[in-house]
Amino acid sequence: MTANWTIEGVREAVAAKKVSARELAGEFYKRIEARNTELNAFLTLSPERAYAQAERVDAMVAAGKPLPPLAGVPVAIKDVISTRGIRTTCGSKILEKYVPPYDATAVERLEKAGAVILGKTNCDEFAMGSSNENSAYGPVRNPEATDHVPGGSSGGSAAAVAAGLAVAALGTDTGGSIRQPGAFCGVPAMMGSYGRVSRYGLIAFASSLDRIGPFARNVKDVASVLQIISGRDPQDSTSTTAPVPDYRAETEKPVKGLRIGIPTEYFGAGMDDGVRKKIEAGIELFKKLGCKLLDIHMPHTDYAIATYYIIATAEASSNLARYDGVRYGLRVEGDSLLSMYRKTRGAGFGAEVKRRIMLGTYVLSAGYYDDYYLKGQKVRALIAQDFQDAFTKVDAIVTPTSPVPAFRLGERTNDPLQMYLADIYTVTGSLAGVPGISIPCGKVCGKLPVGLQIFGRPFGEARVLQLAHAFERAGGADL
Amino acid sequence: MKISREDVLRVAELAYLDLSEAEIETYRKQLDDILEYAGKLNELDTHSVEPMAQVMTDDQNADATLREDLVVPCGAVAEEVLAQAPDPEPPYFRVPKVIER
């Protein structure tokens, strides 16, 4: 069977009865069985639900009914997104046995569009991390170089798509958790604008930043999945009524004459030389495609990491207060209610989650709120203003996704601040709420993929996808 | 040094986290490093800046006003919800005794 299935390939093959959706699901489970022991990309498989869905698709084919856009497409779901009846651990011991009683809206929409859910993918605990090494279930290995990290926090979703264990996957992005693993594993990966995709059923880390988005093998497939999961959901008051364009069709629009901003602040010290060369070649490629390049300034970029780690941890400390051993998850008995809370949380959370809860609690506590949390919210406004100002001059902003390629497993686990600083190019767009994609832009050291990031205006996903598609078609991945 | 051992204990108490001796010292050092780094935000004058809690403006958000307070059916059913509890006593969640006498 074809090694590299795409959404279009699956639809055509299923519609022409060259393969049944059931056979295809079986093929992907075989691949998972062959690779997952090594990669650790999947935490839980859901064959019962997958085959039932595949049979529904096959019945539609047999009856000659029109097929929905993702008919028979095998997909993987990050384990922080709720799936009814399928264990959802968030990569944490505290939810080791948790089985959600409902589906996230994004999952429901994927299945309604015909997608076949293969299972749940590994991730950093509660999506907190940049390497997938914070999972309570062990790290994921990068399929491109198995002694390297896949990036995080959506490392399992990125690795699954890169290794051909799923045609597309959902991840979540709070400070770079879709885009950075997409870059490290060499697959396109996108977060839409804040509010574009419903967060209902996404187990919360930082509610003003969390977004669900797709990984796929090419930009058109990213567009197809984004289109299905986007749009208003009454269950999430922050999801917008802004119309959802036909993203897949939009990718074909010409990019000639579009103005691309290159922010000087994203090309400073600390960037790997190999990455810099690839990104510069990527920028040249946009020039060849007829785009106009403009040097721009985003003066508050250097404050983004500090701002992000104050706001995200503050929100996390509040969101994770719900894990108290009462309604779901782990309980460690104590001699009083408070001692039960303390023991449960002390035993159930891993080191990074505890560190962030501590930091978030500190910045919200009496006496420090104004100095840290309020200050962070004010600087967030300045960072968002940088983007607004830039978009008065340019149509899109192009940067590296990460200053470095995938690092070796264990190389950065001892110094959390150094790990945080690697998120420098992704957290800005998270704070500003703008859409962003990472697309493959060559490899360094002969094997480690480099990601090029494109930011667009709020709700300007179509423009981002156009540029990404044009870049990909022009051979950007092989620069 | 911004963070003392007492600060760590106070924060752990607020967050209901049992920490080991080793964790207390590790977190003291790490929080100290991170907050030291976060101090760079003070380089910026933000007196006239409005804090940003939410990126979306009202015109992007249909629900900026509150919805009608209506009863709507919930997808999840009580038995399934209670089945996830460590110590359920349907239709209740049971917790350790909080009243002494």
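So, how was this worked out
- Residues numbered from 1 in each chain as written.
- Chains lettered and ligands numbered in written order.
- Predicted model: local features only at pLDDT ≥ 70, side-chain atom pairs only at ≥ 80, totals over all residues.
- Helix = DSSP H or I, 4+ residues; strand = E, 2+ residues; numbered from the N terminus.
- Buried ≥ 20, exposed ≤ 12 C-beta atoms within 10 Å, placed from the backbone.
- Contact = placed C-beta atoms within 7 Å.
- Pairing = 2+ DSSP bridges.
- Nonpolar A, V, L, I, M, F, W, Y, C, P; charged D, E, K, R; others polar.
- Axes fitted to C-alpha atoms, helices over the stretch in contact; angles between N-to-C directions.
- Parallel < 35°, antiparallel > 145°, perpendicular 65-115°, else oblique.
- Left-handed = near helix turned anticlockwise from the far one by under 90°.
- pLDDT = per-residue confidence, 0-100.
- Core = buried A, V, L, I, M, F, W, Y, C linked by C-beta atoms within 7 Å.
- Expected span 1.5 Å × (residues − 1).
- Arc of directions from axis to C-beta.

**Observations regarding the overall build of chain A**
When its secondary structure is counted, chain A shows 16 helices and 11 strands. Counting only C-alpha atoms and orienting by the principal axes, one finds that chain A spans roughly 65 × 55 × 45 Å. Residues counted as buried form 63% of the 479 residues belonging to chain A. Intrachain contacts of chain A at a sequence separation of at least 6 include 76% that bridge at least 24 residues.

**So, the pairing of strand E10 (residues 436-444) of chain A**
All names here are of chain A. The buried fraction of E10 amounts to 7 of the 9 residues, a majority that puts the element mostly inside the structure. With 3 bridges joining them, strand E5 (residues 189-191) and E10 adopt antiparallel strand pairing. In the strand pairing of E10, Ala189 is matched with Ser438. Summarising the sheet, E10 and strand E11 (residues 448-455) pair through 7 bridges and their orientation is antiparallel. Its bridge partner lying in E11, Ile437 is registered against Ile454.

**Focus: the interface of chain B and chain A**
Each side of the interface is counted separately: chain B has 44 residues, and chain A has 57 residues. Elements represented by at least two residues in the side of chain B that touches chain A include exactly helix H1 (5-14), helix H2 (21-38) and helix H3 (78-83) of chain B. With 7 residues, H2(B) is the single largest residue contributor to the side of chain B that touches chain A. Among the residues forming the side of chain B that touches chain A, the class breakdown is 30 nonpolar, 7 polar and 7 charged.

**Regarding unusual backbone geometry**
Generally, phi is negative for residues other than glycine and the peptide bonds are trans, each holding for most cases. Cis geometry is adopted by the peptide bond preceding A:Ser153, which originates at A:Gly152 and carries an omega value of 10 degrees. Cis geometry marks the peptide bond from B:Pro90 to B:Pro91, where omega comes out at 0 degrees. Looking at the secondary structure, you find B:Pro91 in the loop between strand E1 (88-89) and strand E2 (92-93). Positive phi, close to 60 degrees, is recorded for A:Asn40, a residue that is not glycine. With respect to the secondary-structure elements, A:Asn40 resides in the loop between helix H2 (21-39) and strand E1 (42-45). Although it is not a glycine, A:Cys445 sits at a positive phi angle of roughly 55 degrees. Relative to the helices and strands, A:Cys445 resides in the loop between E10 and E11.

**Here's the deal with the environment of A:Arg179**
All names here are of chain A. Counting through the fold element by element, Arg179 comes out in helix H6 (residues 179-185). Placed 149 residues apart in sequence, Arg179 and Tyr328 show a C-alpha to C-alpha distance of 31 Å. Setting aside residues up to four positions removed in sequence, Arg179 forms contacts with Asp173, Ala189, Met191, Thr401, Thr426, Gly436, Ser438, Gly451 and Gln453.

**Concerning the packing of helix H12 (residues 351-364) of chain A against H2(B)**
Remark: H12(A) packs on H2(B), axes separated minimally by 11 Å, with the N-to-C direction vectors making an angle of 55 degrees. One way to sum up the angle between H12(A) and H2(B) is to call them oblique. Our pair here, H12(A) against H2(B), has a crossing hand that is right-handed. Across from A:Arg355, A:Met358, A:Leu359 and A:Tyr362 in H12(A), the residues of H2(B) making contact are B:Tyr27, B:Gln30, B:Leu31 and B:Ile34. Each residue belonging to the contact of H12(A) with H2(B) can be placed in one class, and the counts come to 6 nonpolar, 1 polar and 1 charged.

**Remarks on the confidence of the model for chain B**
It should be kept in mind that the predicted coordinates are not to be read in detail where pLDDT is low. The share of residues in chain B with pLDDT of 70 or more is 87%, and the mean pLDDT across the chain is 88. In the model output, the complex is listed with pTM 0.97 alongside ipTM 0.93.

**A look at helix H4 (residues 105-112) of chain A**
Residue and element names in this part refer to chain A. Counting buried positions along H4 gives 7 out of 8 residues, so the element sits mostly inside the fold. Inspection of H4 places Thr105, Ala106, Val107, Glu108, Arg109, Leu110 and Glu111 among the buried residues, and these make up the whole buried set. On its buried face, H4 is in contact with helix H3 (47-62), strand E2 (74-78), strand E3 (116-121), strand E4 (168-173), strand E6 (211-216) and helix H7 (219-229). Immediately beyond the C-terminal end of H4, within one or two residues, lies Gly114, with a positive phi of roughly 100 degrees.

**A word on the nonpolar core**
Residue and element names in this part refer to chain A. Val73, Val75, Val116, Ala160, Val161, Ala166 and Ala168 are the most contacted members of the largest nonpolar core, which has 168 residues in total. With 10 residues, helix H10 (residues 304-319) is the single largest residue contributor to this core. Setting aside residues up to four positions removed in sequence, Ala160 forms contacts with Ala41, Phe42, Ala76, Thr121, Leu165, Ala166 and Ala169.

**Structural notes on H3(A)**
Residues and elements named next belong to chain A. Look at H3: 22 Å from first C-alpha to last across 16 residues, which is about the 22 Å you get at 1.5 Å a residue. Those residues of H3 that sit buried are Ala50, Gln53, Ala54, Val57 and Asp58. Each buried residue of H3 sits inside an arc of 145 degrees when the element is viewed along its axis, so together they form one side. Structural note: H3 exposes Glu48, Ala52, Ala59 and Ala62 on the side pointing more than 90 degrees away from its buried face. Contact partners of the buried residues in H3: helix H1 (7-15), H2, H4 and E3. One or two steps after H3, the chain reaches Gly64, where phi turns positive at roughly 70 degrees.

**Some thoughts on the pairing of strand E9 (residues 396-400) of chain A**
Residues and elements named next belong to chain A. Within E9, 5 of the 5 residues are buried, which leaves it mostly tucked inside the rest of the structure. In the sheet, strand E7 (residues 259-263) pairs with E9 via 2 bridges, with the strands oriented parallel. For Ile260, the partnering residue across the bridge sits in E9 and is Ala396. By the bridge criterion, 4 bridges tie E9 to E11 in an arrangement that is antiparallel. Looking at the pairing, Ile397 lines up with Phe455 of E11.

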